[in-house]
Amino acid sequence: MIELSIFLLLLVVGYIFGHWGEKKHFRSIIKRELEMLHVPVVTLKSYPPLTRDVDGVLVSGNVVVSIDHFKKFLASLRNLFGGRVTSYETLLDRARREAILRMKSSAIEKGAEVVINTRIETASISKNSAGNGNVGSVEVVAYGTALIPKSIYKEQN
Amino acid sequence: MKYTPKQAPEGINTSTEHPLKELVLLLGSTLAIILGLIYFVIISTDYLVKYIPVSVENEIFNNKFTNFSAPSAIQELQKQEEYLNDLVESLQVAGEIESHKFKVHIIVNQAPNAFAYPGGNIGVTTGLLKLLDSENGLAMVLGHEIGHHLARDPIKGIGRGVIIGIFVYTVLGIGSDEWIQGLIGELTMASLMSFSRDQERAADQIGKNLIFQHYGHTRGASEFFEKINSTENKFIDSINYLNSHPSTEERILSLKNSMDDNKELKPLPDFLVLDSRS
């Protein structure tokens, strides 16, 4: 009984805070994406239309995000029937976009005009213990080459 | 060509469906599958139970239900239990029931009630003995429990109890928890006690037939229910008994036969009523 009520409590807490936090996070992501729209982030290895001399600097953004018990329970139920694991989809979408935003903001800080050769990688943390009832988390790293005009780059260094 | 940055539209990688809706849907279908499974297993146990020979049932449960009464009371109640066993035997003879062996036990409890336990055991409370006036009424109650035994209802109940217990055990998954074990016991007991309305009606019919075969008439068949129904006995804690059963009025109607109103009732022997403990 105690174990069952703890489980239910975790589920309710997970839902309330997870749902509220996710909504808030999505609002903030959309707002910041709009603010940083002027710096393109592309996956091209070279970016021809630049007219000025630029320096390339590595920029990266990194996010670790954890699932809550509600999401985990929903996903485990989904495992029985198959289909889109929507509870994880939103989580990973948030992580990806947040990682890009963090990378972008560091690029903007450096005065970059564009970030090229952007790559996104993900790794799961505590994957092995996830089977033991622990809540796992996922890491998303976005990295790329920020192209900074030589004049600005010299000022900084 | 000029580059104009644009924000990607939302909802490509995510779904807008409310998580609670998904939860209800998934949990609902999971529960439906589990319940369907339980239902299927219960149906099959009900079906298969009749292939368990009576002798095997008796062997399994013979020593399980012998000490209902407090140990000190066993000596005192011997005479009464003997009388009840004789009554059951005469009903058996009258109904030509040779396949079963029955044993009646007296349960010291104020609530008038009778039970059919697996292994041919029949429990009768002291409250019931006090409530009834005629042997015919008592024979009807015993005949009713015999009817349950003939239909194999008690062992069906055990089967259900075990199945439900196993499912509760597996789903809640905590064997060491005292609360869970208590719950399993309760569920087993509840499914043991709660026969369906159809089962009750069938048992009533068998009981009625038995007392007709024994006494030659059915007067007294409705005595127990009439007593239970009468206002002065309403206070008796019989709510549990009546809940799962067909309504008392309905049963009185089906059992009472006005043709037999002038027939003679056999009184119960005096020693049967245990005033000191009731």
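So, a few notes on the structure that sits alongside this text. (Residues numbered from 1 in each chain as written. Chains lettered and ligands numbered in written order. Predicted model: local features only at pLDDT ≥ 70, side-chain atom pairs only at ≥ 80, totals over all residues. Heavy atoms only, no water.)

So, on to the overall build of chain B. Within chain B, the regular secondary structure consists of 11 helices and three strands. Secondary structure elements in chain B, listed N-terminal to C-terminal, are α-α-α-β-β-β-α-α-α-α-α-α-α-α. Per-residue burial for chain B yields a buried fraction of 45% across its 278 residues. Contacts in chain B between residues at least 24 apart in sequence constitute 71% of all its contacts with a sequence separation of at least 6. (Helix = DSSP H or I, 4+ residues; strand = E, 2+ residues; numbered from the N terminus. Buried < 20%, exposed > 50% of the residue type's maximum accessible area, 1.4 Å probe, protein only. Contact = heavy atoms within 4.5 Å.)

Residues and elements named next belong to chain A. Taken together, the side chains of Leu9, Val12, Val13, Ile16, Phe17 and Trp20 define a hydrophobic patch exposed on the protein surface, amounting to about 630 Å² of accessible area. Tracing the backbone through its elements, the reader meets Phe17 in helix H1 (residues 2–35). Residue class for Phe17 comes out exposed when judged on its relative accessible area of 53%. (Patch = residues over 30% accessible without salt bridge, like charges linked within 9 Å, V, L, I, M, F, W, Y side chains within 5 Å. Areas by Shrake-Rupley, 256 points an atom, 1.4 Å probe, with all protein chains shown as cover. Salt bridge = Lys/Arg side-chain N within 4 Å of Asp/Glu carboxyl O.)

Our focus in this paragraph is the interface of chain B and chain A. Counting from both sides, the interface comprises 23 residues of chain B and, opposite them, 27 residues of chain A. Summing both partners gives a buried area of about 2,300 Å² for chain B against chain A, and 65% of it is carried by carbon and sulfur. The largest contributions to the chain B side of the interface with chain A come from Gln7, Glu22 and Leu26 of chain B, which together make up 24% of the buried area. Inspection of the region where chain B meets chain A yields two salt bridges. A salt bridge links Arg97 of chain A to Glu10 of chain B, with the shortest nitrogen-to-oxygen separation between them at 2.5 Å. Remark: the boundary between chain B and chain A carries six residue pairs in polar contact (both at pLDDT 80 or more). (Buried area = accessible area lost by both parts, 1.4 Å probe. Polar contact = N/O pair within 3.5 Å; in protein donor to acceptor, adjacent residues only side chain to side chain.)

This part is about the environment of Asp133 of chain B. All names here are of chain B. Its location among the elements puts Asp133 in the loop between helix H4 (126–131) and helix H5 (135–150). In the structure, Asp133 is positioned 87 residues away from Gly220 in sequence and 9.4 Å away in space, judged by C-alpha atoms. Setting aside chain neighbours within four positions, we find Asp133 in contact with Glu223, Lys227, Pro267 and Leu268.

This part takes up the packing of aromatic side chains. Residue and element names in this part refer to chain B. Enumeration according to the criterion identifies five aromatic pairs over all chains in this entry. Centroid distance Tyr47 to Tyr51: 6.0 Å. Interplanar angle 70°. Geometry classified as edge-to-face. Tyr47 sits in the partly exposed class, given a relative accessible area of 48%. (Phe/Tyr/Trp six-rings, centres within 6.5 Å; stacked < 30°, edge-to-face > 60°.)

All names here are of chain B. Within the open sheet, the three strands sit side by side as S1-S3-S2. Their pairing is mixed. Each end of this open sheet is capped by a strand with a single partner; those strands are strand S1 (103–107) and strand S2 (114–117). The average undirected angle you get between the axes of adjacent strands in this sheet is 25°. Looking at chain direction, S1 and strand S3 (residues 121–125) are connected through five bridges and run parallel. Residue pairing across strands places Val104 opposite Ile122, the latter belonging to S3. Contacting S1, S2 and S3, H5 runs over the sheet at an angle of about 25° to S2. (Pairing = 2+ DSSP bridges. Axes fitted to C-alpha atoms, helices over the stretch in contact; angles between N-to-C directions.)

Here the focus is the pattern of salt bridges. Residue and element names in this part refer to chain A. On inspection of all chains with the given rule, the structure shows 14 salt bridges over all chains. A salt bridge links Arg97 to Glu33; the nearest nitrogen and oxygen atoms lie 3.0 Å apart. One end of the pair, Arg97, is in helix H3 (residues 86–109); the other, Glu33, is in helix H1, with 64 residues separating them in the sequence. Classification of Arg97 as buried rests on a relative accessible area of 13%. On the basis of relative accessible area, Glu33 is assigned to the buried category, the value being 15%. Put simply, Asp55 and Lys150 hold a salt bridge, and the shortest N to O gap is 3.9 Å.

What follows deals with the nonpolar core. Counting 34 residues, the largest nonpolar core has Leu84, Leu138, Leu142, Ile146 and Phe224 of chain B as its most contacted members. Broken down by secondary-structure element, the contributors of at least two residues to this core are helix H3 (73–95), S1, S3, H4, H5, helix H8 (197–215), helix H9 (223–229) and helix H11 (248–255) of chain B. Judged by nonpolar contacts, the second largest core, of 18 residues, contains Val39, Ala99, Met103 and Ile148 of chain A. (Core = buried A, V, L, I, M, F, W, Y, C linked by side-chain atoms within 4.5 Å.)

Time to look at the environment of Ile67 of chain A. Tracing the sequence through the fold places Ile67 of chain A in the loop between strand S1 (54–66) and helix H2 (69–81). The spacing of Ile67 of chain A and Gly136 of chain A is 69 residues in sequence and 6.4 Å in space, taken between C-alpha atoms.

Interpretation in functional terms is not warranted from these geometric data alone.
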